[in-house]
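Structural characterization, general
The residues making up each chain are set out below.
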Amino acid sequence: MKKTISVVLLIFMLFSLSACVKSELPNSSTETTVAPVTTEAEVKQVDLADSLKINFAMGNNARTMTYQQSNPLTLPDGTVITQGELKPTWQYIQKQLGFDIIDVTVQDQKASEMIDIAAATSFKDATIYGGNSIAEDLMNYGAQGYFINLKDYLQFMPNFSAYLEKNPNVAKAITAYDGGIYHIPYVAEIDNYARTFNARDNWVEALLDSTDQLENESHTLTVAYKGYWKRNATNVVDLQNDDAVNGVLSQDAARTVLVDYIKATYPEYSKPSELYVGLNAKYDIDELVALWRVIELSPNTLSKVSTGKVVADAEISPYFVRKSEYREDVLRLLNYFDGEKVHSSDSYDATLYEGADGKMHYSYAEESFLSKLDYIKAMYSEGLIHSEFADLSVTDEYRKSMYFADKAEGQRQFGFMTFDWIASTTASNDAVKVFLPPVTTFTDAGINTFVHYIENTRTIKPDGWSISKAATEQDIHTGLALFDYMFSEEGNNVQNYSIPQAWVEGEKYLGPDGKEYPKFNQWILDTAMEMKNGDISGFLRDFMGSQLALGYQKEIGFEFQYTTQNGFDGWDMYNKAKVLTMSYGTDNPLLRLMPPIISLNDQEVGKLGTIAIGDDQTDQIFSYIVGSKSAAKDVQEIAKMYEDAGIARYLEVYEGAYARMIQ
């Protein structure tokens, strides 16, 4: 039976159901780029199709709408989901909307491959196309006439229209160069911290607060790092360097200098560890390096703290990234050298930003950025950064070996600090806690006092989906019904928390933010443990079909429900400390999040065709840090690489495109 949408009802919903759209972005202005339809002349009956073809590719056959697990999944009501069927979330959605959903995706195809193949047939084989990291393609093909302009159909999407009214920054961020909106993005949990610093507090306490747990240590390091800050009467790194014998620092010297320095400089602390641990922490990057040195030089002590016995030949990594493809997280340390800009959004590719001068800048090519790379290079040469952090040939997840495996037979690798998600990282080990970021000034942004700052927050993502203009009118309206459903209260809940069978009926979960969310029942917790080792996020995506990178607003209420007490304490600490971060609504350009994609027209794309800015220079940055034989001899050589590749013309193109987008 075909389902019919009455636009009279939809227009009424546009004004009456706006309260159902719970997630909001900070508004930088009261203006909006969308105008809801209000004239009765446009009211009509719309018949929906019996089925809807969707091509949504993620390059991961576990992350599609179709169930691809070899083991069947039994739902609480006894329904069994087997390989090749739609996942439970999508079976529920099609039942609620009254039409069949047909997944025509090549299950393991990358989104970029899918969009290229679909373009060759003018997007005629499905109604909806989408995937991860293809927003730029969706915008470009939309402007070329291949996807419908959603602004022309807002009267059929009252929930989404209300969402854009409340969140004009989203509307601006997804507007293509011709002024059209051709895709709906995946929007992460806006106004919440993303990843944070996490570390083992018991290591700091064992090393600094007494000598009771200290073991004999024979390791040494050759000093290379020199202190940056003139914040206090003395600089602890310089003091440690002075105590090095012929440039070689021992554990006893490094530790003694650090403990004495903390006691003299911060008499308000009852224990030296308080400089680093907890709400009152206020260490700077030099003081962190001084601690990392002590940690690097204490493998016997720290392996015993973590396992109960000294581990022979233990390898300690004071700072590590989750895996090598996240190597850019090491560059985030530059934030703590007077607020140096690194990324302008939650993406390693987000290197463009608007400066205080109103011009476009490319962070990795900035003189101030490059000049500070020597500090990171020095950290690496001292062994303070995991040796394989930038080796893209290694695919291991270091967080597992550094945190999760303390009690494993033959375990020799132990990590101290990383930059990662609160919930999953603090769940890895009881000793892993959230640490406040180092304090820093941010002179360019007008911040001349020392503050806690983190250049990472939840953002609009370059993922999402669009509707093909080649589809029939009936199919287009069926796609619109699905798009809008994701921004209704029910659709929002289903995409964030999966089907109602996964919730505790009649109960809500009260988050630490004071908001109520659907509460997961014991079935989903137990089944996630059985099927996905307790990874609820992975279970929802791979087994249930929720939280895919399509057009919807993700909520933090999901993450709250699988966070350990350590994680909650971390969120609470960041909120109480008022850690400064980036946002869409701020007037300060250096603290303003950039759109996930800056839409370029054909002329601009043509200009960039002769410019080679990107991976080649980035690879050289990491080669320089690790001292590769093929690396540039100094940062001036890297700067010349950017200059020769056309960085000036590159910035000129993007400056014009960005100005058009935000006007």
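Here the structure is shown first, and the text comes after it.
This section reports on the structure supplied with the text. Residue positions are given per chain, counting from 1 as you read along its sequence in written order. Where totals are concerned, whole chains, interfaces and linings use all residues; where local detail is concerned, this predicted model gives features only for residues with pLDDT of at least 70, and gives and counts side-chain atom pairs only at 80 or more. As a rule here, side-chain values cover all heavy atoms of the structure and leave hydrogens and water aside.

**A closer look at the pattern of salt bridges**
As a reminder, the rule being used: Counted as salt bridges are all cases of a side-chain nitrogen of Lys or Arg within 4 Å of a carboxyl oxygen of Asp or Glu. Strands are runs of DSSP state E lasting at least two residues, helices are runs of H or I lasting at least four, and both sets are numbered from the N terminus onward. Exposure is judged per residue with a 1.4 Å probe applied to protein chains only, and the accessible area is read against the type maximum: over 50% gives exposed, under 20% gives buried, and values in between give partly exposed.
Scanning all chains against the criterion turns up 30 salt bridges. Among the ionic pairs, Lys433 bridges to Asp201, the shortest N-O distance being 2.8 Å. One end of the pair, Lys433, is in strand E16 (residues 432-435); the other, Asp201, is in helix H7 (residues 201-208), and 232 residues separate them in sequence. The class for Lys433 is partly exposed, based on a relative accessible area of 24%. The salt bridge partner of Glu287 is Arg231, with a shortest N-O separation of 3.2 Å. Note that Glu287 is positioned in helix H10 (residues 285-296) and Arg231 in the loop between strand E10 (220-222) and helix H8 (236-243), a separation of 56 residues in sequence. On the basis of relative accessible area, Glu287 is assigned to the buried category, the value being 1%. Judged by its relative accessible area of 23%, Arg231 falls in the partly exposed class.

**Looking at the packing of aromatic side chains**
Applied cut-off: Any pair of Phe, Tyr and Trp rings, taking the six-membered ring for Trp, is counted once the centres come within 6.5 Å. Such a pair is stacked with planes under 30 degrees apart, edge-to-face with planes over 60 apart, and tilted for the rest. Either the NZ atom of lysine or the CZ atom of arginine qualifies as a charge over a ring when it sits within 6 Å of the ring centre and within 35 degrees of the ring normal.
Inspection of every chain in the model, using the stated rule, returns 50 aromatic pairs. Ring geometry for Phe539 and Phe543: centres 5.3 Å apart, planes at 25°, overall stacked. With Phe539 and Phe543 both in helix H19 (residues 536-544), this residue pair falls 4 residues apart, about one helical turn. Here the guanidinium or amino end of Lys341 rests over the ring plane of Tyr353, the centre of that ring lying 5.6 Å away.

**Describing the sheet that holds E16**
We apply this condition: Any two strands between which DSSP finds at least two bridges are classified as paired. Here the axes come from fitting lines to C-alpha atoms, over the contacting stretch only for helices, and the angles between their N-to-C directions go from 0 to 180 degrees. It only takes one pair of heavy atoms within 4.5 Å for two residues to be counted as in contact.
The strand order across the open sheet built from 4 strands is E12-E15-E9-E16, with neighbouring strands paired in mixed fashion. Both edges of this open sheet fall to strand E12 (315-319) and E16, since each of them pairs with a single strand only. If you compare each strand with its neighbour and ignore which way they point, the axes differ by 30° on average. Alignment of E12 against strand E15 (residues 413-421), held across 4 bridges, turns out to be parallel. Bridged to Ser317 within E15 is Gly415. Packing of helix H11 (residues 299-307) onto the sheet brings it into contact with strand E9 (195-200), E12 and E15, and relative to E15 it is tilted by some 70°.

**Observations concerning the nonpolar core**
The line we're drawing: To define a nonpolar core, start from buried Ala, Val, Leu, Ile, Met, Phe, Trp, Tyr and Cys residues and group those joined through side-chain atoms within 4.5 Å.
Residues Trp90, Leu373, Met379, Trp465 and Leu482 are the most contacted members of the largest nonpolar core, which totals 188 residues. When residues in this core are grouped by element, the largest group, 8 residues, is from H10. Among the nonpolar cores identified, the runner-up in size contains 19 residues, and Ala126, Phe147, Tyr182 and Met661 belong to it.

**Observations concerning helix H25 (residues 647-662)**
How we decide: The span you would expect from a helix comes to 1.5 Å times its residue count less one. Directions are taken from the helix axis to each C-beta atom, and the arc is the one they span.
Between its first and last C-alpha, H25 extends 22 Å over 16 residues, near the 22 Å set by a 1.5 Å rise per residue. Those residues of H25 not exposed but buried are Ile647, Tyr650, Leu651, Val653, Tyr654, Ala657, Tyr658 and Met661. The buried side chains of H25 occupy one side of the element, clustering within an arc of 160° when seen end-on. Turned more than 90 degrees away from the buried face of H25 sit Ala648 and Glu652, all of them exposed.

**Thoughts on the sheet that holds strand E6 (residues 100-103)**
Here we have 6 strands laid out as an open sheet, ordered E6-E3-E7-E19-E8-E22, and mixed in their pairing. A single partner strand is all that each edge strand has here, and the edge strands are E6 and strand E22 (552-553). Relative to strand E7 (residues 128-131), strand E3 (residues 51-57) runs parallel, the two sharing 4 bridges. Looking at E7, one finds that Ala57 is bridged to Gly131. Along the sheet, helix H3 (residues 111-120) makes contact with E3 and E7, crossing E7 at roughly 150°.

**Topic: the packing of H7 against H11**
Packed helices, taken two at a time, are described by their axes: the angle between them and the distance between them. Convention followed: For this classification, under 35 degrees means roughly parallel, over 145 means roughly antiparallel, 65 to 115 means roughly perpendicular, and everything else is oblique. Crossings are classed by handedness, with left-handed meaning an anticlockwise turn of the near helix from the far one by less than a right angle and right-handed meaning a clockwise turn. Classes in brief: Ala, Val, Leu, Ile, Met, Phe, Trp, Tyr, Cys and Pro nonpolar; Asp, Glu, Lys and Arg charged; the others, Gly included, polar.
Across the interface, H7 lies against H11 with an axial gap of 10 Å and an inter-helix angle of 130°. In this view, H7 runs oblique relative to H11, as classed from their interaxial angle. Pair H7 / H11 crosses with right-handed handedness. In contact with Asn202, Trp203, Ala206 and Leu207 of H7, H11 contributes Thr301, Leu302, Val305 and Ser306. Of the residues assigned to the contact of H7 with H11, the class counts are 5 nonpolar, 3 polar and no charged.

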